[in-house]
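Inside the fold
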Amino acid sequence: KPLAEVEWPDPPPAPPDLSRLVEYSLIEGVSPLRFAFDPDSVTAVDQTGVRFTLVVTSRSGTPNISHEAFRCTSLERKMLAIGHRDGRWSPVAQPEWKKIDARDSAISWLKPLYLAMCDGGVPVTRPADIKRRLDDLTRISN
């Protein structure tokens, strides 16, 4: 399927192992939230996109889990499903591509992960490479 048609993977991804998450920092600003991705969930799609499981943890320690897709050619993301603590997924009824824009603070925190998972329109799927790219972004911004 072309990336534009990708909705929910079949079979669905495994629930994330919260002990194996790879955390990342914002490029600019500070947040009380902690951001991480599941390295076992990263999958290339059609050589122009990548799917992954994201975990955003609140100050109180509550994880918010989602399965997402990046379109590496256009700085866009699509939320595909919401994860539940018991391992179930609830697919998003009508997922839409949305621009990752610094002016939209609701999703601007996805930009570092996008930059680490997309290199010139090509997906980066090896967790070690993504982590290295995230570390480089953090080092450059500080």
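Remember, predicted model here, so these are calculated numbers, not experimental data.

1. So, the environment of Asp17
Among the structural elements, Asp17 can be located in the segment before strand 1 (22-24). Sequence separation between Asp17 and Pro39 is 22 residues, and the spatial gap between their C-alpha atoms is 9.4 Å. There is a polar contact of 2.6 Å between the side chain of Asp17 and the side chain of Ser19.

2. As for the packing of aromatic side chains
A full pass over the atoms with the stated rule returns five aromatic pairs. Arranged with centres 5.1 Å apart and planes meeting at 20 degrees, the rings of Phe35 and Trp109 form a pair that is stacked. Of the two residues, Phe35 sits in strand 2 (residues 34-37) while Trp109 sits in the loop between strand 8 (98-99) and helix 1 (111-117), which places them 74 residues apart along the sequence. For the pair Phe35 and Trp109, one class covers both residues: buried. Counting every residue linked through ring pairs, the aromatic cluster contains Tyr24, Phe35 and Trp109.

3. Here we look at the side chain of Thr57
Structurally, Thr57 is set in strand 4 (residues 49-57). Leaving out residues up to four positions away in the same chain, Thr57 has contacts with Pro32, Leu33, Arg34, Thr62 and Pro63.

4. So, the pattern of salt bridges
For the structure on display, the rule yields nine salt bridges. Across the pair Glu76 and Arg71 runs a salt bridge whose closest N-O atoms are separated by 2.8 Å. You'll find Glu76 and Arg71 in the same group, each marked buried.

5. Let's talk about the state of the cysteines
A disulfide bridge is the covalent bond that connects two cysteines by way of their sulfur atoms. The final tally for this structure, using the stated rule, is one disulfide. With its sulfur 2.1 Å from that of its partner, Cys72 forms a disulfide with Cys118. Across the disulfide from Cys72 to Cys118, rotation about the S-S bond amounts to roughly -65 degrees, and the bridge is consequently left-handed. On the criterion of sequence distance, the pair formed by Cys72 in the loop between strand 5 (63-71) and strand 6 (76-83) and Cys118 in strand 9 (residues 118-119) is long-range, its members being 46 residues apart. You can call Cys72 buried: its relative accessible area is 4%. Looking at Cys118, the relative accessible area reads 6%, which means it is buried.

Rules used throughout
Residues numbered from 1 in each chain as written. Predicted model: local features only at pLDDT ≥ 70, side-chain atom pairs only at ≥ 80, totals over all residues. Heavy atoms only, no water. Helix = DSSP H or I, 4+ residues; strand = E, 2+ residues; numbered from the N terminus. Polar contact = N/O pair within 3.5 Å; in protein donor to acceptor, adjacent residues only side chain to side chain. Phe/Tyr/Trp six-rings, centres within 6.5 Å; stacked < 30°, edge-to-face > 60°. Buried < 20%, exposed > 50% of the residue type's maximum accessible area, 1.4 Å probe, protein only. Contact = heavy atoms within 4.5 Å. Salt bridge = Lys/Arg side-chain N within 4 Å of Asp/Glu carboxyl O. Disulfide = S-S within 2.5 Å.

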